Amino acid sequence: MFGHLLLALLPLVGSAFAQSGSIYTDPGNGFTFDGITDPVYDVTYGVIFPTDTTSTEFIGEIVAPVAAQWIGVALGGAMIDNLLLVVWTNGNTIVSSTRYATDYIQPVPYAGPTLTTLPSSSVNSTHWKFVFRCQNCTSWLGGGSIPVSGSGVLAWAYSSIPVDDPADPNSDFLEHTDFGFFGMNFADAHTSNYNNYLNGNAGTSTPPTGSPTTTTTSPTTGPTTPATPYDYVIVGAGPGGIIAADRLSEAGKKVLLLERGGPSTGETGGTYTAPWAAGTNLTKFDIPGLFESMFTDSNPWYWCKDINFFAGCLLGGGTSVNGALYWYPTDSDFSTNNGWPNSWGYHQPYTSAMQARLPSTDHPSTDGQLYLEQSANVVMQLLNGQGYRQVTINNDVNSKDHVYGYSAFDFLNGKRGGPVATYLQTANARSNFVYKDYTMVSNIVRNGSQITGVKTNDTSLGPNGVVPLTPNGRVILSAGSFGSPRILFQSGIGPTDMLQTVQGNPAAAPNLPPQSEWINLPVGMAVSDNPSINLVFTHPSIDAYDNWADVWSDPRPADAAQYLASQSGVFAGASPKLNFWRAYSGIDANQRWAQGTVRPGAASVNTTLPYNASEIFTITVYLSQGITSRGRIGINAGLEATALVNPWLTDPVDKTVLIQALNDVVSNMNSISGLTMITPDSGMTIEEYVDLYDPGTMCSNHWVGSNKMGTNSSTAVVDENAKVFNTNNLFVVDASIIPALPVGNPHGMLMSAAEQAVANILALAGGP
Ligand SMILES: Cc1cc2nc3c(=O)[nH]c(=O)nc-3n(C[C@H](O)[C@H](O)[C@H](O)COP(=O)(O)OP(=O)(O)OC[C@H]3O[C@@H](n4cnc5c(N)ncnc54)[C@H](O)[C@@H]3O)c2cc1C
Ligand SMILES: *[C@@H]1O[C@H](CO)[C@@H](O)[C@H](O)[C@H]1NC(C)=O
Ligand SMILES: *[C@@H]1O[C@H](CO)[C@@H](O)[C@H](O)[C@H]1NC(C)=O
Ligand SMILES: *[C@@H]1O[C@H](CO)[C@@H](O)[C@H](O)[C@H]1NC(C)=O
Ligand SMILES: *[C@@H]1O[C@H](CO)[C@@H](O)[C@H](O)[C@H]1NC(C)=O
Ligand SMILES: *[C@@H]1O[C@H](CO)[C@@H](O)[C@H](O)[C@H]1NC(C)=O
Ligand SMILES: *[C@@H]1O[C@H](CO)[C@@H](O)[C@H](O)[C@H]1NC(C)=O
Ligand SMILES: *[C@@H]1O[C@H](CO)[C@@H](O)[C@H](O)[C@H]1NC(C)=O
Ligand SMILES: *[C@@H]1O[C@H](CO)[C@@H](O)[C@H](O)[C@H]1NC(C)=O
């Protein structure tokens, strides 16, 4: 079984190897390592040691494409009688162990060393990255060791076959698919930033060297420019921040809107165009039909790199990269049952204000025609057999039981519209409004409960990058469900464990207020996101549109030409074609809703049976309003925002209802001639499918609740005016204040909530 393994002894060193390690800096965490990237499997291996050569530990990393099922490293360059590290993923977590083998057999778990996963480790749709500390790792049983002051050899092993039990660090596995070696000059692989790395911080960029140097992390200092104060400083130009900026500037306030990213649509100066749209102002963020390419781009610079889930870090935030499914909120979305304070029960004036600025369309092509509607037609037939009726969804807003309709979007004139094309444009026309991009906010500056400024990374905005406020001035955080909690933590506001994490970060700690001024609020608690499950089908009538694979680089020529000529055709719409809802009650006291989204193509297919890939389509079933599962958002030592507790199906009743909803959708499948479900296929039940479903892929990117609104500070972060409890002049206006999920995808409801929040803020006494 383990016959063709690493050579037992390697008399070779350095230049005899096809590859030898060299110094590189990981762009993700900023750490400097010595190592290689194997060109065949594209796996990076790196190690770095402390300057103290008597130390017995090191920090290492393995960055591998998701195709790598497990990776091994032999610290002495051979398999037998060596300390071995073996690593794989289990869903979104990384599993590792130290092993040892005395022959070419299954390596067994090896005690003694301590392997710790460091915060910049991650798993995403394309790669996993294991950044780790290995203590008591430079020598091992049998006399082997790493020559930390000299040169030596490391060996790697690669497998395309999963381990037997990914959840078990001691799992068995089959022999590796391939292996290789590289020479290492360990004497060069030492850094004085070692302790910073342990804290998740890259420290200063001194080149690694054997000789110790001193490390300093000093707060930004800059010229004492006379800074311009503002009535309102708003952090983050997503839908929440843009609507706040527009309404406050409309009211004559002096407003500064800060955004960490840069332009998105052509209208905002964006230039990221597909090759076929070169020479136009139609960027990736303008053309609705490029939505699916957000997830397959080879350089997805627009995602936030310090958030472990998809979040847009560019002008427009999520509304520049999302599917733009746009539902006017229902009355139940703002009900006390759904967690809102009583005073929020009457949303209609705010929803109407939003509709007036940003109407929805379920016919996004400028010629008024529907395109690529085959999957909608098939699912309509299916749902008719289940007692559903067709509605124009945004005309019949409160009907959300047994209804379906064509998907509605906030596209305008065949292009992405949203708040960027509407609210931001009116704000931009006002002289009392200033927009500043590529500006990162770390924290707010405060004296107890009084906010005095906003700390940015741009020293041209004020001394140390701090933007001051006018007398009675206010700050509004609109940095999103992950971004706003992170700013609060760095400002000394949140649960003690999170503030201690900030305290442990050398770059952020100096900005924290003294512990006596910490404000303990449930920031990050009680978050929810729709658990969603994909069912994949084939039907002979479907055009799967090549699963959207070539829309960026090689689109169907006629469709591309039609879109460029008149913003009409397939490219004027995103992938969703039909949506449906059904209400569920019983089981416990709660009413829950299921939402379906239908689209041609599929994110992944899992079947051993033959199928025609040109005919695939997906029904995504989400559980929405009424779900009782909750999770927790927080930060790790590297200040990356992440889910500390996953929010999906933590309550078994949610799972029961979701399984019921999935079974209902397929209950009369046999009545539709030619309709076949291929994932799960006929070999698996819906129950088994849900049981096996990777929790990470249940994510819908609809996070709400991390700064939820409520009537008291033991269960909520902001009050009915969106003001952070126990502060005088700090507010939050973004998806994080929403106490619980609406019945549909959230951004329509969020924009109505933003209208209401900003109206309350303007009406609140004591402001500028
Ligand atoms: C892939 C994807 C698909 C989605 N599809 C849909 C859909 O079809 N329909 C729907 O209704 N919803 C959808 N959503 C959800 C929707 O986009 C979000 O609910 C919405 O964008 C949240 O708005 P927000 O204002 O809270 O924050 P965001 O949109 O996240 O905006 C936050 C902004 O703040 C900026 N920022 C963050 N931190 C800082 C900082 N420290 N300093 C300065 N600026 C900062 C960010 O760059 C960003 O621009 C989707 C989301 C994703 C990610
Ligand atoms: C270090 O590891 C060895 C095995 O390699 C073990 O025998 C020893 O007890 C460990 N030392 C410590 C301090 O853990
Ligand atoms: C996925 O992770 C890899 C390795 O950390 C990184 O290079 C890549 O940019 C990440 N992709 C996305 C979409 O975040
Ligand atoms: C693109 O936009 C810029 C700035 O708004 C404008 O000057 C230019 O004419 C536009 N180009 C095209 C091809 O429309
Ligand atoms: C501030 O941070 C943003 C976002 O990371 C970055 O684009 C910008 O260059 C930074 N500005 C400065 C002055 O460092
Ligand atoms: C903080 O506020 C208190 C009053 O609440 C005031 O006495 C003190 O001077 C302020 N400190 C600073 C640094 O402004
Ligand atoms: C694919 O389906 C098989 C059973 O048909 C199951 O064992 C396996 O876990 C599934 N894989 C994924 C990635 O869901
Ligand atoms: C697959 O489906 C396409 C589109 O319906 C059809 O043209 C093609 O003939 C089918 N292929 C096979 C092998 O059945
Ligand atoms: C705080 O609000 C929650 C939720 O509305 C409520 O259950 C609780 O009783 C309130 N606590 C206090 C002290 O008012």
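By the naming in an unreviewed UniProt entry, the protein is Cellobiose dehydrogenase, taken from Grifola frondosa. One UniProt comment on the protein, placed under Sequence similarities (unreviewed entry), says "Belongs to the GMC oxidoreductase family." UniProt, in the comment section headed Cofactor (unreviewed entry), describes the protein in these words: "FAD".

> Quick rundown of the sheet that holds strand β18 (residues 403-406)? Include the residues and the values.
Across the sheet, seven strands lie side by side as β17-β18-β26-β27-β28-β25-β31; this open sheet has mixed pairing. Edge strands, defined here as strands with exactly one partner in the open sheet, are β17 (389-390) and β31 (676-679). As paired elements, β18 and strand β26 (residues 578-586) share four bridges and run antiparallel to each other. By the bridge assignment for β26, Val403 is matched with Trp581. Helix α10 (residues 652-665) rests against β25 (532-538), β26, β27 (588-600) and β28 (616-623) of the sheet, and its axis sits at about 145° to β28.

> Could you give me a rundown of the packing of aromatic side chains, with the residues and numbers involved?
Counted under the stated rule, the structure contains 42 aromatic pairs. Each residue in the set Tyr272, Phe285, Phe291, Phe295, Trp301, Tyr302, Trp303, Phe310 and Trp552 is aromatic and connected to the rest through ring pairs, giving one cluster. Stacked on the ring of Trp552, the Lys or Arg Lys284 has its end atom at 4.3 Å from the ring centre.

> Please provide a residue-by-residue account of the state of the cysteines, values included.
Counted by the stated rule, this structure contains two disulfides. With a sulfur-sulfur separation of 2.0 Å, Cys134 is cross-linked through a disulfide to Cys137. Sign of the S-S torsion, about -70° for the bond between Cys134 and Cys137, identifies this disulfide as left-handed. The residues Cys134 and Cys137 share a single accessibility class, namely buried. What pairs with Cys304 in a disulfide is Cys313, and their sulfur atoms sit 2.2 Å apart. Taking the torsion about the sulfur-sulfur bond, which here is approximately 100°, the covalent link between Cys304 and Cys313 counts as right-handed. Of the residues examined, Cys304 reaches a relative accessible area of 7% and is grouped as buried. Classification of Cys313 by relative accessible area gives buried; the value is 13%. Disulfide connectivity for the protein, with bonded cysteines indexed by sequence position, reads 1-2, 3-4. Distance from the sulfur of Cys699, which forms no disulfide, to the nearest cysteine sulfur (Cys304) is 13 Å.

> Talk me through the sheet that holds strand β5 (residues 70-74); I want residue IDs and the actual numbers.
Strands in a sheet are paired, the pairing made by backbone hydrogen bonds, and the direction either parallel or antiparallel. Spatially, β8-β7-β6-β5-β12-β13 is the arrangement adopted by the six strands of the open sheet, whose pairing is antiparallel. Lying at the two open borders of the sheet, with one neighbouring strand each, are β8 (108-109) and β13 (178-185).

> A description of the UniProt feature "domain: Glucose-methanol-choline oxidoreductase N-terminal" (unreviewed entry) in the protein should follow, citing residues and the corresponding values.
Under the local residue numbering, the UniProt record ascribes the feature "domain: Glucose-methanol-choline oxidoreductase N-terminal" (unreviewed entry) to residues 312-335 and 480-494. Overall, residues 312-335 shows 0% helix and 0% strand. The separation of its end C-alpha atoms is 29 Å. Its end C-alpha atoms 16 Å apart, residues 480-494 is made of 73% helix and 0% strand.

> Summarise the pairing of strand β1 (residues 22-25); cite the residues concerned and give the values.
Relative to strand β2 (residues 32-38), β1 is paired through four bridges, and the arrangement is antiparallel. Opposite Ser22, over in β2, you have Gly35 as the bridge partner.

> Which residues make up the pattern of salt bridges, and what values go with them?
Should their charged atoms come close, side chains of opposite charge can pair. Applying the stated criterion to the full structure yields 19 salt bridges. Ionic pairing is found between Asp297 and Lys284, a salt bridge with its closest N-O pair at 2.7 Å. Separated by 13 residues along the polypeptide, Asp297 in the loop between β16 (255-258) and α3 (348-357) and Lys284 in the loop between β16 and α3 bring together distant segments of the chain. Here Asp297 and Lys284 have matching classes, each one buried. Among the charged side chains, a network of salt bridges with common partners joins Asp246, Arg357 and Arg430.

Rules behind the numbers
Residues numbered from 1 in each chain as written. Chains lettered and ligands numbered in written order. Predicted model: local features only at pLDDT ≥ 70, side-chain atom pairs only at ≥ 80, totals over all residues. Heavy atoms only, no water. UniProt positions renumbered as here; feature names shortened; annotations may be inferred. Pairing = 2+ DSSP bridges. Helix = DSSP H or I, 4+ residues; strand = E, 2+ residues; numbered from the N terminus. Contact = heavy atoms within 4.5 Å. Axes fitted to C-alpha atoms, helices over the stretch in contact; angles between N-to-C directions. Phe/Tyr/Trp six-rings, centres within 6.5 Å; stacked < 30°, edge-to-face > 60°. Lys NZ or Arg CZ within 6 Å of the ring centre and 35° of its normal. Disulfide = S-S within 2.5 Å. Buried < 20%, exposed > 50% of the residue type's maximum accessible area, 1.4 Å probe, protein only. Salt bridge = Lys/Arg side-chain N within 4 Å of Asp/Glu carboxyl O.

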